[in-house]
Amino acid sequence: MRHILQIARLLVQADRRAMGRGALLSIAVLLMGVSLLGLSGWFITATGLAGLAGMGIAFDVFRPSAGVRFLALGRAAARYGERLLTHDATLRALAAFRVELLRSYARSNARALANLRSEGALTRIIADVDALDGVILRLVLPIVAVLVTHILVFGVLSWLVGWSVALSILGLYLVAGGAILLRLGHATVAPSRRLEEVEQRLRRGAIDMIRDRDALILSATLPRKEAGLHRLDQEARAKAADLDRAERGAGFWISLLVATAAMAAFVAGAVLLDQGAIDAASAVIGLFVALALAEALLQLRRGVSDLGRVQSAAERLAPQLQSVRSPTGAQTSDVASCQTLGTGPLLSIHHPKLRADFHAGEAVALSGPSGVGKTMLLMEIAGLQTGTSVKVHGRPPVGYAEDSLRAMVSMLPQRCALVAGTVRDNLSLSGSFSDAELWQALDQVALAEDLRQRDGLDTTLGEGGAGLSGGQSKRLAIARNILIKSDILLLDEPTEGLDAATAEAVLYGVRAAVPEALIIAVMHSGAQHPVFTRRVGLSC
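Cut-offs used in this document
- Residues numbered from 1 in each chain as written.
- Predicted model: local features only at pLDDT ≥ 70, side-chain atom pairs only at ≥ 80, totals over all residues.
- Heavy atoms only, no water.
- Pairing = 2+ DSSP bridges.
- Helix = DSSP H or I, 4+ residues; strand = E, 2+ residues; numbered from the N terminus.
- Axes fitted to C-alpha atoms, helices over the stretch in contact; angles between N-to-C directions.
- Parallel < 35°, antiparallel > 145°, perpendicular 65-115°, else oblique.
- Left-handed = near helix turned anticlockwise from the far one by under 90°.
- Contact = heavy atoms within 4.5 Å.
- Patch = residues over 30% accessible without salt bridge, like charges linked within 9 Å, V, L, I, M, F, W, Y side chains within 5 Å.
- Areas by Shrake-Rupley, 256 points an atom, 1.4 Å probe, with all protein chains shown as cover.
- Salt bridge = Lys/Arg side-chain N within 4 Å of Asp/Glu carboxyl O.
- Buried < 20%, exposed > 50% of the residue type's maximum accessible area, 1.4 Å probe, protein only.
- Polar contact = N/O pair within 3.5 Å; in protein donor to acceptor, adjacent residues only side chain to side chain.

Participant: For this particular structure, what's the right way to read the sheet that holds strand β1 (residues 347-351)?
Facilitator: Strand pairing in a sheet is mediated by backbone hydrogen bonds. Such pairs are either parallel or antiparallel. Across the sheet, 3 strands lie side by side as β2-β1-β4; this open sheet has antiparallel pairing. Two strands close off the open sheet at either side, each with one partner strand: β2 (354-358) and β4 (390-392). The average angle at which neighbouring strand axes cross in this sheet is 5°, direction not considered. Relative to β4, β1 runs antiparallel, the two being bridged by 3 bridges.

Quick look at the structure:
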């Protein structure tokens, strides 16, 4: 529950005013429902008794009937406003929560970020965030509304009818109702967790089978894959049946509780009537109030039965959010100026497989066997991987503020990241530049001529840079990096997928674009190119 409370606090803090208004309207809906049924019961009983006594013509029916109409219309309006505000506030809170979550993932190291590329991990995160809408809509707001409503109803009933009637309703609903909901939560946590897990596996399995159907058919494994999905589907149905059975059982006990509370209130009212403390019409108010309060418990039933799914999602996401509150390298400075960076080497590496110092203006080709850790070393220099073997201007990269480090170190990963939009949009992700600067960067990576034959800087790209070849996407990403003019430029396989002439033009163009920067390029081939002033290798 600790993680659920942490998530709930984050969601509520996202828009406190909207959440507060939604909570007030939730309470208003319940109070108006209770008042409507209580007033209606009193009105019907009072008019009936007046008719039997022959006093019907003298009985004031206008004010009670006006109250009934007001409460009925007010309850409908409050219900509409409550639905509108709470859902809007929840959507806003989840949007803010997603930003916090993405910020926390952005602070993860390279290995963690690489693991997020799998469709299974992304599907898991999406499902977990979607599950958290129940924290506010089906747990926090209903619990607050139920508790406040019962307390207010107890006070009003004690004043109008008597404390014995109010206590009989409050005691049964809070004690017995709480016990029923706790039992429901205990019975549904395990099957709810398992149902969510099986549904995720079933979804991924179905996607994998559709995507790999040709290979499955050729390898004669399609029937086995299909049988596995059928088993998962049967297990999901069984767990859903367990949840439904537990929820229907709780509904039965709540119905029994409502009947018991109504009877207890009726008996307590009858005792007070016999004692002459109240009139007959007032004696039945407790009965109708007890019936009306059933709505408060019934709306909690769905949220409690879904507790396992919400709890498992919160347990996975809440620890991840801690990296936003206390990121690695908390001893960051706000700005790293040239006066505070010292006069030593620009970059020092004391790695088990490489010990060297590097200075501004050098172009270094980094080579080594696959899997030796070249990319991980670049990630550590860029501050995307924690470690103690790298120092930039005498300080570990994680010791700098994020904006300061990004001004000093830029990196081109092996997989380029482009967004849907124009070429100008993609280049402007690294800052605000003039068209002349953008064209100069494109010229330096031998891409300007290709784009001039299209729509230039306004050339539209699809999701992930669709519309460009692999080599063109790589060069566009390189152009975005050299626009930053950082002190250290890290390139992971910058010429992969390029022909020899284009690769040579790109390497010379990058050197010309940032003549004073330290360039470190991971090269599987081409490490002997004359643009490189040093060649270092990582050994196994």
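Participant: Teacher, can you tell me more about the packing of helix α1 (residues 2-14) against helix α3 (residues 62-106) here?
Facilitator: Packed helices, taken two at a time, are described by their axes: the angle between them and the distance between them. With their axes 8 Å apart at the nearest point, α1 and α3 run at an angle of 115° to one another. Relative to α3, α1 is oriented roughly perpendicular. For the crossing formed where α1 meets α3, the hand is right-handed. In contact with I7, L10, L11 and A14 of α1, α3 contributes A93, L94, A96 and F97.

Participant: Looking at this model, I keep getting lost on a nonpolar patch on the surface. Mind explaining?
Facilitator: A cluster of nonpolar residues, I143, L147, L174 and V175, forms a patch on the protein surface that exposes about 340 Å² of accessible area. Only α6 (133-160) and α7 (163-211) provide two or more residues apiece to the nonpolar patch. Within the element layout of this structure, L174 appears in helix α7. Assessed through its relative accessible area of 35%, L174 is described here as partly exposed.

Participant: Explain the sheet that holds strand β8 (residues 488-492) here, please?
Facilitator: With parallel pairing, the 5 strands of this open sheet are ordered in space as β5-β8-β9-β3-β10. The open sheet terminates on both sides in strands that have one partner only, identified here as β5 (409-412) and β10 (534-537). On average, each strand axis in the sheet is tilted by 20° relative to the strand beside it, whichever way the strands run. In this structure, β8 lies alongside strand β9 (residues 518-522), joined through 5 bridges in parallel fashion. Bridge pairing links I488 to L518 in β9. Here helix α19 (residues 470-482) sits on the sheet in contact with β5 and β8, set at roughly 180° to β5.

Participant: Looking at this structure, how should I read the environment of D88?
Facilitator: Secondary-structure assignment places D88 in helix α3. Residue D88 is classed as partly exposed on the basis of its relative accessible area, which comes to 35%. With 70 residues separating them in the primary sequence, D88 and A18 have C-alpha atoms 8.1 Å apart. At 2.9 Å, the side chain of D88 and the side chain of R92 are in polar contact.

Participant: Explain the pattern of salt bridges here, please?
Facilitator: Side chains that differ in charge, positive against negative, can pair when their charged atoms come close. A full pass over the atoms with the stated rule returns 25 salt bridges. A salt bridge links E295 to R75; the nearest nitrogen and oxygen atoms lie 2.9 Å apart. One end of the pair, E295, is in helix α12 (residues 294-305); the other, R75, is in helix α3, and 220 residues separate them in sequence. The partner of D208 in a salt bridge is R211, with the nearest N and O atoms 2.9 Å apart. Of this pair, D208 and R211 both sit in helix α7, 3 residues apart, which is roughly one turn of the helix. Put simply, R75, R79, E82, R83 and E295 are held in one network by salt bridges that share partners.

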